[in-house]
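Listed here are the chains, written in short residue letters.
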Amino acid sequence: MSFNHRQKTIAETLEKGADIEKWQNWKWQIRHSITTIEQLESIEGLELTSEELNQLEITIEKFPLSVTPYYLSLIDIDDFRNDPVYLQAIPRSSELIRAPYDMTDPLSEDKDSPAPYLTHRYPDRVLFHVSNLCSMYCRHCTRKRKVGDRDSIPSFEQLQPAIQYIREHEGIRDVLLSGGDPLMLEDNKLELLLRAIREISHVEIIRIGSRMPVVLPYRITDKLVAMLKKYQPIFLNTHFNHPRELTSVSRQALARLADGGVVLGNQSVLLAGVNDCPRIIKRLCQKLLTARVRPYYLYQCDLSEGLTHFRTPVGKGIEIMESLIGHTSGLAVPTYVVDAPGGGGKIPIMPNYLISWSTNKVVLRNYEGVITTYKEPDSYEPTFCDRNCEECNLQLKLNDAEEHSPIGIQRLLSDEDSTISLTPAGNERINRRSLCPATA
Ligand SMILES: *Cc1c(COP(=O)(O)O)cnc(C)c1O
């Protein structure tokens, strides 16, 4: 493992005589995280003006600062104000700008919470907030409202109602450990949790969302991986935003996880000034594949308070997707999503490839601008579907075929349901009908 000159200098500043052993110890890294302006000022090369220091002071009163020494060491001090690591880690006074459409909980996670620490939004999966702590406070955090709540590290006891809820709801087949960062838990606490979830027979997969491979790769120890291995299938989605973050130490952490059988994915956030560039995202996604990480989502920046300076128009995301699809390996292409304000969940967005349509032909275009036609069958006998899989020629033959009725757009498309439109509750036009003689 590397321990370069810059890292030695930072280690020495934070603790006299600190050596490579300590630097690689994740708990040492957390204990020596930079959380105050005095600590930040002591770091060689990060000379801020007194105006900047004042701004910083006001900002961290509202949104606290915490950076691991490792992540801080990645900042290029020759041009630190434009550095992608600096911009994600060090507060700016623009965080205090509040736009009229900003929200403290734009995704309504607190409203969709049937048990403490649990968000149940989709039919078959839940988000389980098992820790409110992170090793670094990302400036672009969507849960900024909760950052730094030091009292809220739930104990195993406090997580019981959520585990009970998962146990009682057989439709939950996917449990996503999130937070904060679940890997802030000690190995033995995390294992207690994984074991309790694994014991629930209808839970098929467990996912972990963690930024540790990026901001504190030393957390990924052989011991941790050996423990995770016992609870497969486990998927881990991490959070690289810029190719510069894929250091050799990060790559080793990812290799260890992949060798341990953990399936790796990445969720990036589109951030103005950090990665809002087709070439940066393309390079990031390609480099992730070389580290055995599959790009999963590219998020449009949420409407959380304090993020105005990071937001791009949706058009920037579409432009980036346009530059990926077809131009590079399909494996390197994430799904671009907007997480719907109000709790509607993730909505995928793509450039348009379907140009026109008739009864037996579609007109499509490819990434190069080639316009082509696809001839559809003149006669197609659709299989009538009333969800009675027993009688169907298509052999689903699941021993526990899903029996629930179709929802949403799926319902409009189904044969068995006569719904012809979906109308939001409280639609005024529909409410007015009760006043109309024909319907009253
Ligand atoms: C993102 C998210 C999930 C997981 O969604 P996938 O599309 O399956 O990755 C689950 N619950 C909540 C509340 C989420 O925000």
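Residues numbered from 1 in each chain as written. Predicted model: local features only at pLDDT ≥ 70, side-chain atom pairs only at ≥ 80, totals over all residues. Heavy atoms only, no water.

Looking at the assigned domains, one finds that the protein chain contains domain 1 (5–94) and domain 2 (118–348). The distance between the C-alpha centroids of domain 1 and domain 2 comes to 24 Å. Between domain 1 and domain 2, the contact holds 29 residues from the first and 36 residues from the second. Carbon and sulfur atoms make up 60% of the area that domain 1 and domain 2 hide from each other, which totals about 2600 Å². Three residues, W26, Y70 and Q88, lead the burial of domain 1 against domain 2; their summed loss comes to 29% of the area buried on that side. Between domain 1 and domain 2 we count three salt bridges in total. A salt bridge links D83 to R244; the nearest nitrogen and oxygen atoms lie 2.8 Å apart. Joining domain 1 to domain 2, the criterion identifies 15 residue pairs in polar contact (both at pLDDT 80 or more). Sorting the residues of the side of domain 1 that touches domain 2 by element identifies α3 (26–31), α6 (69–72) and α7 (84–89) as the ones contributing at least two each. If one sorts the elements of the side of domain 1 that touches domain 2 by residue count, α7 sits on top with five residues. Taken together, the residues of the side of domain 1 that touches domain 2 sort by class into 17 nonpolar, seven polar and five charged. (Domains from an automatic or database assignment. Contact = heavy atoms within 4.5 Å. Buried area = accessible area lost by both parts, 1.4 Å probe. Salt bridge = Lys/Arg side-chain N within 4 Å of Asp/Glu carboxyl O. Polar contact = N/O pair within 3.5 Å; in protein donor to acceptor, adjacent residues only side chain to side chain. Helix = DSSP H or I, 4+ residues; strand = E, 2+ residues; numbered from the N terminus. Nonpolar A, V, L, I, M, F, W, Y, C, P; charged D, E, K, R; others polar.)

Below, the discussion takes up the pairing of strand β6 (residues 263–269). For β6, a buried count of five out of seven residues is recorded, marking the element as mostly surrounded by other parts of the structure. The sheet contact formed by strand β5 (residues 234–238) and β6 spans four bridges and is parallel. Bridging across to β6, F235 finds its partner in V263. For the handedness criterion, the β-α-β arrangement of β5, helix α12 (residues 248–259) and β6 is classed as right-handed. For β6 and strand β7 (residues 294–299), the ladder comprises five bridges, and the chain directions are parallel. Each residue of the ladder has a partner; that of S268, found in β7, is L298. Handedness of the β-α-β unit built from β6, helix α13 (residues 278–290) and β7 comes out right-handed. (Buried < 20%, exposed > 50% of the residue type's maximum accessible area, 1.4 Å probe, protein only. Pairing = 2+ DSSP bridges. Right-handed = clockwise from strand over helix to strand, strands pointing away.)

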